[in-house]
Amino acid sequence: MDELREKPGLAGLAAVETITAPRVPPNDVTEQMRREWEERGALEFPHLVEKELDFGEVLLLVQVNHQERNAMSQMFWVPASFTLDVLLRRMSCISNEILDGKQTLSAFLFIESVFYEMDRVPPPLQASALPLTSYAEGIIEWMREEKRFVSDVFGVARRASASTTTFADLRIRLGKSYLWQHQGSCCHEIRFVDMRRVVADDPRSSLCYPYLVFTGRSRRPRCHICKRELADFVVYGDKPAPVSPCHMCSECYQLLHYGPDGHMLYSDFQVFPVWQD
């Protein structure tokens, strides 16, 4: 089957050639996708109304690596017409789940000497989100002091908006390492590893994208009580627990700590959620 890949050397999305590669698995818009979009996506990105992708629209395959291990953690197909902030909000990391991570939206993608910064707080999060911070500003100032890391092609690094820049606007090299930074100093290597056009067996609804085609294996431990389910909580100083700290699934935690009427039986312990790493 025909698909598109960038020609050797630096070029825009227009400079592509036909190759053969696997397709996105066929998938219709499920009720869950529609619900998630109505609850989050449509509110955060009102300009991305549900539409059918045209045949010939370019899709890019984006690989996201783990922040510490040299291993892939996620992979998405993204339409070239989408803005970069849609992917910034779609990529997940454990750092977004701890402390004030859900309220810290500041982030950037560093691609070919340009810092594409998150510069818009989605309406549903404006009441709770922390003010956006420019991570790139201090980095660019440091780079300009001694002309550090000046690109022969692009010159000194600059800033741009992730909410107004589409993937079609980018100049990229397939397979080259770029950077996603968020939550202050949490850094992920990202790569554009493939590029092609939409075909008949692809999901056609825009609600399906960014389309997650790979996610890393869960490293969550199993419940110490039932030895079957993945742990949702880690409990410290819990007297009935076999060990401390003790990992528990939601069902076992509920059975141990709450009575039939829903009231907590005792509270002389500490409990924290377990996040997938």
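Description of the structure in this document. (Residues numbered from 1 in each chain as written. Predicted model: local features only at pLDDT ≥ 70, side-chain atom pairs only at ≥ 80, totals over all residues. Heavy atoms only, no water.)

1. Some words on the overall build of the chain
- A count of helical and extended segments in the chain gives four helices and 15 strands.
- Considering only contacts in the chain between residues 6 or more positions apart, those separated by 24 or more positions represent 63%. (Helix = DSSP H or I, 4+ residues; strand = E, 2+ residues; numbered from the N terminus. Contact = heavy atoms within 4.5 Å.)

2. Thoughts on the environment of Leu174
- Turning to its location among the elements, Leu174 is positioned in the loop between strand S9 (171-172) and strand S10 (177-182).
- Each C-alpha atom, one on Leu174 and one on Asp194, is 6.6 Å from the other, the two residues being 20 residues apart in sequence.

3. Things to note about the sheet that holds strand S6 (residues 107-111)
- Spatially, eight strands are ordered S8-S7-S6-S10-S11-S4-S5-S12 in an open sheet, and the strand pairing comes out mixed. Looking at the sheet topology across the chains shown, the edges are occupied by strand S8 (158-161) and strand S12 (211-215). Adjacent strand axes in the sheet meet at a mean angle of 25°, parallel and antiparallel pairs treated alike.
- Helix-sheet contacts for helix H3 (residues 135-145) involve S6, strand S7 (114-117), S8 and S10, and the interaxial angle to S7 is about 165°. (Pairing = 2+ DSSP bridges. Axes fitted to C-alpha atoms, helices over the stretch in contact; angles between N-to-C directions.)

4. Let's talk about the sheet that holds strand S13 (residues 233-236)
- Read across the open sheet, the three strands follow the order S14-S13-S15; overall the sheet is antiparallel. The open sheet has two edge strands with one neighbour each: strand S14 (246-248) and strand S15 (270-273). Ignoring strand direction, the axes of neighbouring strands in this sheet form an average angle of 25°.
- In terms of strand pairing, S13 meets S15 through four bridges, oriented antiparallel. Residue Val235 lies in a different strand from S15, and its bridge partner there is Val271.
- Its contacts with the sheet put helix H4 (residues 250-257) on S13, S14 and S15, and the angle it makes with S14 is roughly 110°.

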